[in-house]
Amino acid sequence: MKILLSKFSVLFLFLLSWTSFTTTEAYDALDPTGNITIKWDILSWTPDGYVARVTIFNYQQYRHIESPGWQLGWTWLKKEVIWNMVGAQATEQGDCSKFKGDPPHCCKKTPTVVDLLPGTPYNHQISNCCRGGVVSAWAQDSATAVSAFQISVGQSGTTNTTVRAPRNITLKAPGPGYTCGPAKTVAPTKFFSDDKRRKTQAMLTWNMTCTYSQFLVKKSPTCCVSLSSFYNETIVPCPTCSCGCQNNSQTGTCVNQKIASVIQASGKNNHQPLLQCTQHMCPIRVHWHVKTNYKEYWRVKVAITNFNYNMNYSLWNMVAQHPNFDNVTKLFSFNYKPLSPYAGINDTAILWGIKFYNDMLSQAGPLGNVQSEILFRKSPSKFTLDKGWAFPRRIYFNGDNCVMPPPDSYPWLPNATPKLATSPFIVLLITFFSVLILM
């Protein structure tokens, strides 16, 4: 009896430890140091406050901020007001009735700030502003992975000892998912003049760090992967209900492909997902096809399809893990960059569209797909077509982990061993012996 209880205790502890893995969702093994850092530099003092430059740095390698862009919020510690902003604006002014003459830009205790749109007059701009809140991933384009605005704050204190940092920082990019830590005082930022001959520094600098968790955004996935190969006629589809099921209202509206154009023309639910009815119900499907096997090379075709009639994906990217990414010869219509978060391991790559050619994945329909081919050079010690080696280990789209088919369903070589593991008899036999051991 004691032996039986101890076995059940071990089983319970194993299941308990398995459920505890959900708490590590914020850690990304492919981008362990990725974060968004908000730098708040006080540039000068004013009679009742200060002028600051706020800069948002997206240090995430493959997760960008897409339209409608970021929203930054905070809580003032004292009775601060925003007199003026350049390069951004508060979404609400709040109650400024106690001020005579020109009222402040915002009097709310908890302001929310958004970026200005492209085309803003030059006298309302500063560098790295006015892109509608869209910020690139660092690996895609570090020059546009930065967004900034200038803010004039009043009733805040006018020295390093009397001024207080904002607290309860919130970042929506564009929805939830980011958790921001408290402001920390760091070494003042240094600035160089245009001719690089003079250096100045901020009066005071605060840093806030925000990290991303897919679990906070949505519990259901947003993409899935299908597989095929030249050596097997089987096309392995996305797993059924990968992102939801057609009878589940949380998935969003699902329509038949034939009537989608009619619903789009009506203009209803333009801000809600309008998915093409599929067995996987994912907005995005990534298809990996092993196309050709040469003597010294092998070729893969990658196709990304959008099944959402109400969504265009600008600045999209895809991350793939495969051991042969250490020997890529050529990509034909995507940009490519290796991601190597760990020294000595080069099995991960980020792929994204070419500017003005296929950097935007259009809504579902005839133009709702992008594709490319990848030519790998074979490594004699690694290369094989056996046991699904030619297929990716993981796929991410726009930073979200995609649902992969189960490994035992991958296309096998014609002379490969039959997949006995899927036999109901084998499953029943394993279950029987497991119960017998416990007893």
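For the structure, check the block above.
A brief structural summary. In this text, all values refer to a predicted model and were calculated from it rather than measured experimentally.

Looking now at the sheet that holds strand S5 (residues 88-90). Strand order across the open sheet formed by four strands is S5-S6-S3-S8, with antiparallel pairing between neighbours. Edge positions in the open sheet fall to S5 and strand S8 (167-172), since each of these has one partner strand only. Neighbouring strand axes in the sheet, compared pairwise and without regard to direction, differ in orientation by 20° on average. Taken together, the three bridges between S5 and strand S6 (residues 112-115) define a ladder with antiparallel strand orientation. Looking at S6, one finds that alanine 90 is bridged to valine 113.

By size, the foremost hydrophobic cluster in this structure holds 36 residues, and its most contacted members are Trp288, Ile304, Trp316, Met318, Ile395 and Phe397. Secondary structure elements with two or more residues in this core: strand S14 (223-229), strand S18 (284-293), strand S19 (297-306), strand S21 (317-321), strand S24 (348-353), strand S26 (369-377) and strand S27 (394-397). Listed in part, the 34 residues of the second largest apolar core include Ile36, Trp76, Cys106 and Val153.

With that settled, consider the side chain of threonine 189. Checked against the element boundaries, threonine 189 lands in the loop between strand S10 (184-186) and strand S11 (190-192). With a relative accessible area of 17%, threonine 189 lands in the buried category. At 2.7 Å, the side chain of threonine 189 and the side chain of aspartate 41 are in polar contact. Excluding residues that lie within four positions of it along the chain, threonine 189 makes contacts with Lys39, Asp41, Thr200, Gln201, Ala202 and Thr205.

Here the focus is the sheet that holds strand S15 (residues 232-236). Strand pairs in the sheet, formed through backbone hydrogen bonds, run parallel or antiparallel to each other. Spatially, six strands are ordered S15-S14-S18-S19-S26-S22 in an open sheet, and the strand pairing comes out mixed. Each edge of the sheet is formed by a strand with only one pairing partner; in this case those strands are S15 and strand S22 (328-331). The sheet shows a mean angle of 20° between the axes of neighbouring strands, direction not considered.

The rules behind each value
Residues numbered from 1 in each chain as written. Predicted model: local features only at pLDDT ≥ 70, side-chain atom pairs only at ≥ 80, totals over all residues. Heavy atoms only, no water. Pairing = 2+ DSSP bridges. Helix = DSSP H or I, 4+ residues; strand = E, 2+ residues; numbered from the N terminus. Axes fitted to C-alpha atoms, helices over the stretch in contact; angles between N-to-C directions. Core = buried A, V, L, I, M, F, W, Y, C linked by side-chain atoms within 4.5 Å. Buried < 20%, exposed > 50% of the residue type's maximum accessible area, 1.4 Å probe, protein only. Polar contact = N/O pair within 3.5 Å; in protein donor to acceptor, adjacent residues only side chain to side chain. Contact = heavy atoms within 4.5 Å.

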